[in-house]
Amino acid sequence: MSDGAVLHVKGRVLAGPEDVRDELWVVGGRISYDRPAGARDITTVAGWALPGLVDAHCHVGLGAEGPVDADTAEQQALTDRGTGTLLIRDAGSPSDTRWIDDRDDLPKIIRAGRHIARTRRYIRNYAWEIEPEDLVAHVAREARRGDGWVKLVGDWIDRGVGDLAPCWPREAVEAGIAEAHRLGARVTAHCFAENSLRDLVEAGIDCVEHATGLTEDLVPLFAERGVAIVPTLVNIATFPKLAAGGDGKYPRWSAHMRRLHERRYDTVRGAYDAGVPVYVGTDAGGSLAHGLVAEEVAELVTAGIPPVRALAATTWSARTWLGRPGLEEGAPADLVVYEADPRADVRVLAAPRRVVLNGRVVE
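Now for a quick tour of the structure. (Residues numbered from 1 in each chain as written. Predicted model: local features only at pLDDT ≥ 70, side-chain atom pairs only at ≥ 80, totals over all residues. Heavy atoms only, no water.)

**With respect to the overall build of the chain**
Cut-off, in case you're wondering: Secondary structure elements follow DSSP: runs of H or I no shorter than four residues count as helices, runs of E no shorter than two count as strands, and numbering proceeds from the N terminus. Here the globule rule is a power law, 2.2 Å times the number of residues to the power 0.38, and the radius of gyration is based on C-alpha atoms. Burial classes: relative accessible area under 20% of the type maximum marks a residue as buried, over 50% as exposed, and values in between as partly exposed (1.4 Å probe, protein chains only). For this analysis, residues touch if any pair of their heavy atoms sits within 4.5 Å. Only the protein chains shown count as cover for residues, and all accessible areas are computed by the Shrake-Rupley method using a 1.4 Å probe.
From N to C terminus, the chain includes 12 helices and 20 strands. Against the compact-globule benchmark of 21 Å for 363 residues, the chain has a radius of gyration of 21 Å, which places it among compact chains. Seen through its principal axes, the chain has C-alpha atoms that stretch 70 × 40 × 35 Å. The buried share among the 363 residues of the chain stands at 56%. Nonlocal contacts in the chain, meaning residues at least 24 apart in sequence, comprise 65% of its contacts between residues at least 6 apart. With an accessible surface of roughly 14,500 Å², the chain has 48% of that area assigned to carbon and sulfur atoms.

**Comments concerning unusual backbone geometry**
For His210, which is not a glycine, the phi torsion comes out positive at approximately 75°. Considering the arrangement of structural elements, one finds His210 in strand β15 (residues 207-210). Unlike most non-glycine residues, Thr232 shows phi in positive territory, near 50°. By the secondary structure assignment, Thr232 is in the loop between β16 (228-230) and α6 (233-236). By relative accessible area, Thr232 is classed as buried at 0%.

**What to know about the pattern of salt bridges**
Opposite charge on two side chains allows them to pair when their charged atoms are near. Selection criterion: Within this document, salt bridges are pairs made up of a side-chain nitrogen of Lys or Arg and a carboxyl oxygen of Asp or Glu, the two lying within 4 Å of each other.
Within the structure shown, the criterion is met by 27 salt bridges. A salt bridge links Arg103 to Glu74; its shortest N-O distance comes to 2.8 Å. Of the two residues, Arg103 is situated in the loop between β7 (85-90) and β8 (108-111) and Glu74 in helix α1 (residues 70-82); the sequence distance between them amounts to 29 residues. For Glu74, a relative accessible area of 22% translates into the label partly exposed. Via salt bridges that share partners, Arg170, Glu174, Arg198, Asp199, Glu202 and Asp217 belong to a single interconnected network.

**Some points on the sheet that holds strand β18 (residues 335-338)**
Filter applied, for reference: Paired strands are those between which DSSP finds at least two bridges.
Sheet architecture is open: 7 strands sit in the order β3-β2-β1-β4-β18-β19-β20, paired in mixed fashion. Each edge of the sheet is formed by a strand with only one pairing partner; in this case those strands are β3 (30-32) and β20 (360-361). When strand β1 (residues 6-14) meets strand β2 (residues 20-27), the two strands line up antiparallel, connected through 7 bridges. In the sheet register, Lys10 faces β2, and the bridge partner there is Glu23.

**Section: the pairing of β18**
Neither face of β18 is exposed, since Leu335 and Val337 on one face and Val336 and Tyr338 on the opposite face are all buried. As judged from the 4 bridges shared by strand β4 (residues 42-51) and β18, these two strands associate in the antiparallel manner. Of the residues in β18, the one forming a bridge with Pro51 is Leu335. Here 3 bridges tie β18 to strand β19 (residues 354-357), and the two strands are oriented antiparallel to one another. Note that in β19 the partner of Leu335 across the bridge is Val356.

**Quick notes on the packing of aromatic side chains**
Short version of the rule: Think of it this way: a Phe, Tyr or Trp ring, Trp meaning its six-membered ring, pairs with another when their centres are within 6.5 Å, and the plane angle makes it stacked under 30 degrees, edge-to-face over 60, tilted otherwise.
The final tally for this structure, using the stated rule, is 6 aromatic pairs. Ring geometry for Trp149 against Trp321: centres 5.4 Å apart, planes inclined by 65°, an arrangement best described as edge-to-face. Remark: Trp321 occurs in helix α12 (residues 316-322) and Trp149 occurs in strand β11 (residues 149-153); sequence separation between them is 172 residues. Judged by its relative accessible area of 2%, Trp149 is buried.

**Comments concerning the packing of helix α7 (residues 239-246) against helix α8 (residues 251-262)**
What counts is decided by this rule: An axis is simply a line fitted to the C-alpha atoms; with a helix, the fit covers only the stretch in contact. Between two such axes, the angle follows the N-to-C directions and lies from 0 to 180 degrees. Working rule for angles: under 35 degrees goes down as roughly parallel, over 145 as roughly antiparallel, 65 to 115 as roughly perpendicular, anything else as oblique. The sense of a crossing depends on the near helix, which, turned anticlockwise from the far helix by less than a right angle, makes the crossing left-handed and, turned clockwise, makes it right-handed. When residues are sorted by character, Ala, Val, Leu, Ile, Met, Phe, Trp, Tyr, Cys and Pro go into the nonpolar class, Asp, Glu, Lys and Arg into the charged class, and all the rest, Gly among them, into the polar class.
Contact geometry of α7 with α8 gives a least axis separation of 8 Å together with a crossing angle of 165°. Taken together, α7 and α8 sit at an angle that is classed as roughly antiparallel. Judged by the sense of rotation from one axis to the other, the crossing of α7 with α8 is left-handed. On α8, the residues touching Phe239, Pro240, Leu242, Ala243, Ala244 and Gly246 of α7 are Pro251, Trp253, Ser254, Met257, Arg258, Leu260 and His261. Of the residues belonging to the contact of α7 with α8, the class tally is 9 nonpolar, 3 polar and 1 charged.

**Observations concerning α7**
At 3.6 residues per turn, the α-helix brings residues three or four places apart onto the same side. The condition is simple: Our arc is simply the arc of the directions from the helix axis toward the C-beta atoms.
Listed as buried for α7 are Phe239, Ala243 and Gly246. Projected onto a plane normal to the axis of α7, the buried residues spread over an arc of 65° and lie on a single side. Opposite the packed face of α7, turned more than 90 degrees from it, sit the exposed residues Lys241 and Gly245. Those residues of α7 hidden inside the fold are in contact with α6 and α8.

**Comments concerning the nonpolar core**
Going by this rule: Residue types Ala, Val, Leu, Ile, Met, Phe, Trp, Tyr and Cys, when buried and joined through side-chain atoms within 4.5 Å, form a set referred to as a nonpolar core.
Core analysis: the largest hydrophobic core is formed by 77 residues, its most contacted members being Val150, Ile205, Phe222 and Leu300. Each residue touching Leu300, except ones within four places of it in the same chain, is listed here: Pro231, Leu233, Val268, Val278, Val280, Ile305, Ala310 and Ala313. Formed by 15 residues, the second largest nonpolar core is a distinct cluster that contains Val13, Leu24, Ala333 and Val337.

Encoded structure:
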């Protein structure tokens, strides 16, 4: 498309779950619901349009061994773009991916800086590995480095006990979260197990990643405090394989991982039913492939979340939560067009007809 070209999207434009419009126009990379006067160079795309999908737990620039080179990071971002993911909350990365912000053909990224973990209590080469007395200083550093988020590793295997255990004492997370909030950043934490959650929530955390350890007694606390969860069910599906690898050395941990996996759907549905905000995230990067957002939405439906709510968790609601616009008048034209109504069958998300980023058809 030339700089003076106009994109016309017609059919059904899902500006909200029930806000369905017949068409929109893209002029100068932005959305308008009024036909531009005198438009001549018009490209038309027809179908069901959604805001660009959100992957709220993704790691661009991260590989199995740690940071990756720019070419690999670019391919990761392009893979996500190809599946309609146009907004990413990068939930921790040791790579500097700010160069992506200068590319109008790559998804927009909201960064959480680099993971902050306890010494020798996380995946090698991923995180700052520190002790509790240094937590506040590192939180401040990552709050300034990120885009309004900080990522803690809330629990990990403790080899001394042979099972998952909290990484931080209560007073340390209270101080760290308070510092992040003072600097205007929200805090999220990786948590698989049960026993780190109450301290983190009562300390004021804003979100919990995975949240497989949510129990019936903790769910009301999450709901009362408005603490969101990003279940990453496509990642939780790997737990049985991980558990099998630990049977010989850490049988207690392996059994725990299997239990968390077995009740994963009940955990997510229980949280949703209680009013806990649930958002879509894949945990792409590291050992998990990029481009799995459609599979994650389908997993939320399998867990019992109504299809329209699961769809909202990667579109309208997710964008509002992250402070980014959807298909609003004057907003950047980041949208995905499908053959059929994704509200009727979320599996449609796996096959975008067209992907539009910053007003240009890129896929």
